[in-house]
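Examining the three-dimensional arrangement
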Amino acid sequence: MPKWFPVQRFLQLKLTVWIPLCLITIIQFFAAYGHYKYEHLPEESLNKYLYKHVNPKLVMKKSKPDCKYEDTLHSTKSVHTWEVTNQKLNFIPKGIANGSYTPEDCNPAFSVAILVTYRNRQSQLDVFIPYMHNFLRKQNIHYKIYVIEQQDDKPWNKGLLYNIGAKQAIAENFPCLILHDVDLLPLDENNLYACLHQPRHMSASIDKFRFVLIYETLVGGVLAITSDHYKQLNGFSNRFKGWGGEDDDFAGRMSANQFVILRFPQHMSRYTMLLHKQEAKNTARYDIMTQNEKHGAKDGLNSVHFESISVKPQRLYTLIAVRV
Ligand code: BGC
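From a predicted model like this one, the values you see are computed outputs, not experimental measurements. (Residues numbered from 1 in each chain as written. Predicted model: local features only at pLDDT ≥ 70, side-chain atom pairs only at ≥ 80, totals over all residues. Heavy atoms only, no water.)

When you tally the buried positions in strand 8 (residues 222–226), you get five out of five residues, the bulk of the element. Because side chains alternate across strand 8, one face comprises the buried residues Val222, Ala224 and Thr226, and the other comprises Leu223 and Ile225, equally buried. The pairing of strand 6 (residues 200–201) with strand 8 spans two bridges and is antiparallel. If you follow His201 over to strand 8, its bridge partner there is Leu223. (Buried < 20%, exposed > 50% of the residue type's maximum accessible area, 1.4 Å probe, protein only. Helix = DSSP H or I, 4+ residues; strand = E, 2+ residues; numbered from the N terminus. Pairing = 2+ DSSP bridges.)

The volume enclosed by the largest pocket comes to roughly 950 Å³. Surrounding the largest pocket, 38 residues form its lining, Lys158, Asp181, Trp243, Gly244 and Asp247 being those nearest its centre. Elements with a contribution of two residues or more to the lining of the largest pocket: strand 2 (111–118), helix 4 (158–171), helix 6 (246–256) and helix 7 (285–295). No other element matches helix 6, which puts three residues into the lining of the largest pocket. Residue composition of the lining of the largest pocket, grouped by class: 17 nonpolar, nine polar and 12 charged. Roughly 260 Å³ of internal volume is contained in the second largest pocket. Together, 17 residues line the second largest pocket, and Asp248, Asp249, Ala251, Gly252 and Arg253 are the ones closest to its centre. (1 Å grid on protein atoms, 1.4 Å probe; cavity = no way out; pocket = protein on both sides within 12 Å on 5 of 7 lines; lining within 4 Å. Points joined across faces, edges and corners; volume = space filled by probe spheres on them. Nonpolar A, V, L, I, M, F, W, Y, C, P; charged D, E, K, R; others polar.)

One finds Phe110, Ile145, Val147, Ile178 and Tyr193 to be the most contacted residues of the largest nonpolar core, which totals 54 residues. Among the secondary structure elements, those contributing two or more residues to this core are strand 2, helix 3 (122–137), strand 3 (142–150), strand 4 (176–180), strand 5 (184–186), strand 8 and strand 9 (270–273). With near-sequence residues (within four places) excluded, Ile145 lies in contact with Asn98, Gly99, Ile114, Val116, Ile129, Met132, His133, Leu316, Tyr317 and Thr318. Ranked by size, the runner-up nonpolar core spans 30 residues in total, among them Leu161, Ala166, Leu177 and Leu179. (Core = buried A, V, L, I, M, F, W, Y, C linked by side-chain atoms within 4.5 Å. Contact = heavy atoms within 4.5 Å.)

Looking now at the UniProt feature "domain: Galactosyltransferase C-terminal" (unreviewed entry) in the chain. Listed under "domain: Galactosyltransferase C-terminal" (unreviewed entry) in the UniProt record, and renumbered for this structure, are residues 200–277. End-to-end, the C-alpha atoms of residues 200–277 are 27 Å apart, and along that stretch the chain is 22% helix and 17% strand. (UniProt positions renumbered as here; feature names shortened; annotations may be inferred.)

Time to look at the site of the ligand. Near the ligand the following residues occur: Phe209, Ile214, Tyr215, Leu218, Trp243, Gly244, Gly245, Asp247, Asp248, Arg285 and Tyr286. For the ligand, an oxygen atom lies 2.9 Å from a polar atom in the backbone of Gly245. The contact in question runs from an oxygen atom of the ligand to an N or O atom on the side chain of Asp247, over 2.5 Å. Here the ligand has 310 Å² of accessible area as a free molecule, and 81% of this is covered by the chains. Here the ligand is seated within the largest pocket. Of all the elements in the fold, those that place two or more residues in the shell around the ligand are helix 6 and helix 7. Looking at the shell around the ligand, its residues break down into six nonpolar, two polar and three charged. (Near = heavy atom within 4 Å. Polar contact = N/O pair within 3.5 Å; in protein donor to acceptor, adjacent residues only side chain to side chain. Areas by Shrake-Rupley, 256 points an atom, 1.4 Å probe, with all protein chains shown as cover. Sits in = over half its atoms within 2 Å of the grid points.)

This is how it looks when you write it as structure tokens:
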């Protein structure tokens, strides 16, 4: 028998494994097909959709001019994914207190509460916080970052955490809420962190999904919504335990209220996702969605229950620690 035979046999055996594997990968790639060209607002008229409201508690100074947003909206600068982790090294927390920042040289037109739901992802939080402060401080907006941490081992309840964060931010008079995954970082400087007159899905183009919008009603990732609209929808359902579904359910609430999901163009909506293990999916999520649809948005902001809560202001963010 020739010497190379086992090698050839091995290769043949391998091919029987490799060919189906390659086919599965190609099928998966196209199965996750989405919209490269999703419907979005026209870039030249974004200004007229902006929800210009500031926190009534914010002190405006007559001596300062109004902040301008054209430079941000027309910026062509983008961060490359490989530059993302460097931001941690180049971070000086100037001007930040309790996770909040107010522009120094002008009076802002926007006050925005960034709500970040969180558990057990310290390494991501360590990248996210400095990155976001560096990104947001350039935008001339008044903002405050809240991290809402579930501090127990019970199933993850993201909807409940958003409701808790929203209640706090609304009690602190923020007119606009941005619901933000901790693993998503905006890449385009023209992605102004502001609400629009209708809910705005901000993370339409994520590298993990090959920069396509995977389905049109997707509102997960990063979503900007006015506090008034959030209250009108009764917030999120608190019934989703484990990964997934709560955002799709929220999209259902929006459409039942005739809200329209708006998006900025793709070159203003790109995000990179920090790597992590996929959490186990909540297999009951479709059933809960169907039940919720039948009963209307009965649970939500009005039925927030938890074991304990504490609000701890820290320099870079305000931590809301919850046991559900
Ligand atoms: C889940 C959503 C999630 C989306 C994208 C859906 O299957 O229900 O919660 O945002 O996938 O990952």
